[in-house]
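Coordinate analysis (summary)
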Amino acid sequence: MEISIIGSGYVGTTIAACFADVGHNVVNVDIDEEIVETLNSGNSPIHEPSLDERIEEHAGDRLRATTDYDAILDTDVTFLALSTPSTDDGHIDLSVMEAGAKSLGATLAEKDDYHLVVTKSTVVPTTTEEVIAPILEEHSGKTVGEDFDVGMNPEFLREGSAVDDFLDPDKVVLGSHTDRAAERLRGVFDPLLERAPDASLVETGIREAEMIKYANNAFLAAKISLVNDLANICKEYEVDTDEVLDAIGLDSRIGSEFLGAGVGWGGSCFPKDVAAIVAAARDVGYEPAMLDAAVEVNDNQPVRMLDILRDHADPDGARIAVLGLAFKPGTDDVRNSRAIPLIDALLDAGADVVGYDPVATENFRDKFPDLDYADSAESALDGADAALVVTDWDEFAALDDEFDAMADAVVVDGRNIVTRREGIVYESLV
Ligand SMILES: NC(=O)C1=CN([C@@H]2O[C@H](COP(=O)(O)OP(=O)(O)OC[C@H]3O[C@@H](n4cnc5c(N)ncnc54)[C@H](O)[C@@H]3O)[C@@H](O)[C@H]2O)C=CC1
Ligand SMILES: O=C(O)[C@H]1O[C@H](OP(=O)(O)OP(=O)(O)OC[C@H]2O[C@@H](n3ccc(=O)[nH]c3=O)[C@H](O)[C@@H]2O)[C@H](O)[C@@H](O)[C@@H]1O
């Protein structure tokens, strides 16, 4: 099938390379010329395991990129993979989606045959039908349901394992309203589903598909917050948190994944998506008490971590090593990293902070240009009065003698990964 993808960021690039991999011809349309050039030269504009090889293999053949929306005219289906950030009050910001839909609509005016437009981005229920479709109609002069259809296909990939997650998903969710749209969407995913026989296919309505994405992310974020709530109680009662969580994970109704207690969830999606669905709920007069609580628990984990630090060291004037700046291991992404509220609070308290991360230092430097950065965990710890472990990188779990070089070997572990031993004052957050 001929597929066009608008937006070649994290999601657009990954799905383009993977669609090419399963045999489709794919064109990425992005306004960023550098991204387009990078893709056309066979390289990946983002860091993601096994993406480079796929782009190198398919670029110039089944995969190409352009800044020209006219490329859409030769395709059967267009995916909108544009960013959907938050406004200051937490609502979804649709301005990028609206701009993309306008350009797409104007291009579709020139298309003679039927076309399918699929929202891949995470959008609140009704957006595809009540925002995107009317823009497409206005700018193309065509009628939805007659000349073209809209659909919704939420994405569940994770950063750091995006290619594997996309090619071997738990489920594929296809939202549509007409048989014609459903059939074309199935045609896109058939070759992928043949290669991933364990994946479930969920065919549903458009607003259901939109809500499934939020329900998925909100459930996972709330699961971590509930785990953290329980872990905080464990700590107060001096109960071994790991033993409790391992045991509850054996109940198949609970499951053992996403039970990692600690300093909480960050990243480019959980915080903005939970905020967006909470704001959308309030817009229709519903108070989402569970989701509010999930956010409150998450916001409070860094505060608890600093309280624990204060039990052992006064941050004022102290040199504090922060180990881990990425929002999770395996990525250089620092968006909404838990390190941000922690470092803000440490600086407010008068601490002299030194940060270290195996790969995310440069991205963090953009946010905190004046911070002191170390080029290894060892040098961050050298002479420090205390250390906070914020990201669960394997190399932090392996630290040992390096703690002996600290002025005071106080370690507060926000991810429960450091091995407790003689000679260090060790306290885990949970
Ligand atoms: N990043 C992730 O891990 C996941 C993201 N999502 C959702 O997917 C959507 C896209 O997210 P990302 O790929 O992370 O965004 P991104 O910000 O990485 O990429 C967006 C791309 O769109 C391009 N762009 C902006 N305006 C444009 C226009 N008018 N025409 C053409 N291109 C334009 C930008 O240059 C950029 O390359 C969001 O709704 C996000 O919530 C869903 C699952 C996973
Ligand atoms: O919508 C999205 O963009 C994506 O958001 C998350 O993926 P991602 O943000 O890449 O990373 P996760 O592995 O889910 O981790 C998110 C945050 O939760 C934290 N986390 C995760 C798991 C856990 O057990 N405990 C925990 O604190 C991580 O440290 C991280 O800060 C979802 O897992 C994806 O399914 C979804 O597609």
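Keep in mind it's a predicted model, so treat the numbers as computed, not measured.

Cut-offs and rules
- Residues numbered from 1 in each chain as written.
- Chains lettered and ligands numbered in written order.
- Predicted model: local features only at pLDDT ≥ 70, side-chain atom pairs only at ≥ 80, totals over all residues.
- Heavy atoms only, no water.
- Salt bridge = Lys/Arg side-chain N within 4 Å of Asp/Glu carboxyl O.
- Helix = DSSP H or I, 4+ residues; strand = E, 2+ residues; numbered from the N terminus.
- Buried < 20%, exposed > 50% of the residue type's maximum accessible area, 1.4 Å probe, protein only.
- Near = heavy atom within 4 Å.
- Polar contact = N/O pair within 3.5 Å; in protein donor to acceptor, adjacent residues only side chain to side chain.
- Nonpolar A, V, L, I, M, F, W, Y, C, P; charged D, E, K, R; others polar.
- Domains from an automatic or database assignment.
- UniProt positions renumbered as here; feature names shortened; annotations may be inferred.
- Contact = heavy atoms within 4.5 Å.
- Pairing = 2+ DSSP bridges.

Let's shift gears to the pattern of salt bridges. Applying the stated rule across the entire model yields 23 salt bridges. The salt bridge involving D149 is made with R180; its shortest N-O contact spans 3.5 Å. Note that D149 is positioned in strand β6 (residues 148-152) and R180 in helix α7 (residues 179-195), a separation of 31 residues in sequence. According to the relative accessible area criterion, R180 is partly exposed, its value standing at 35%. Shared partners join several salt bridges into a network, and the residues in it are D21, R54 and R195.

What follows concerns the site of ligand 2. Lining the immediate environment of ligand 2, one finds 20 residues, of which F156, L157, K213, G260 and C269 sit closest. Within the contact set of ligand 2, an oxygen atom lies 2.6 Å away from a backbone nitrogen or oxygen of L157. Secondary-structure elements contributing two or more residues to the shell around ligand 2 are α8 (206-236) and α10 (270-283). When residues of the shell around ligand 2 are assigned to their parent elements, the largest contribution, 3 residues, is made by α8. Partitioned by chemical class, the residues of the shell around ligand 2 number 9 nonpolar, 4 polar and 7 charged. Residue assignment places the shell around ligand 2 across two domains, with domain 1 (2-203) and domain 2 (205-430) each supplying three or more.

Within this structure's numbering, the places UniProt gives as "binding site: NAD(+)" (unreviewed entry) are D30, T84, T122, E159, K272 and R335. In sequence the annotated residues extend across 306 residues, and in space they extend as well, their farthest C-alpha pair lying 22.9 Å apart. Structurally, E159 is set in the loop between β6 and α6 (162-167). Classification of E159 by relative accessible area gives buried; the value is 11%. In this structure E159 touches Y10, E48, S268, F327, K328, T331, D333 and R335, once residues within four positions along its chain are discounted. As for its placement among the helices and strands, R335 is situated in the loop between β9 (319-323) and α12 (339-348). Leave out the neighbours within four places in its chain, and R335 touches E159, G266, G267, S268 and F327.

Working definition: the strands of a sheet are paired by backbone hydrogen bonds and lie parallel or antiparallel to each other. Spatial ordering of the open sheet is given by β11-β10-β9-β12-β13-β14, a layout of 6 strands whose pairing is parallel. Bordering the open sheet on either side are β11 (372-373) and β14 (425-428), each of which pairs with just one other strand. When strand β13 (residues 410-413) meets β14, the two strands line up parallel, connected through 4 bridges. Counted as the bridge partner of V410 is V425 from β14.

The positions that UniProt labels "domain: UDP-glucose/GDP-mannose dehydrogenase C-terminal" (unreviewed entry) are, in the present scheme, residues 321-420. Note that residues 321-420 is 26% helix and 18% strand, and that its end C-alpha atoms are spaced 18 Å apart.

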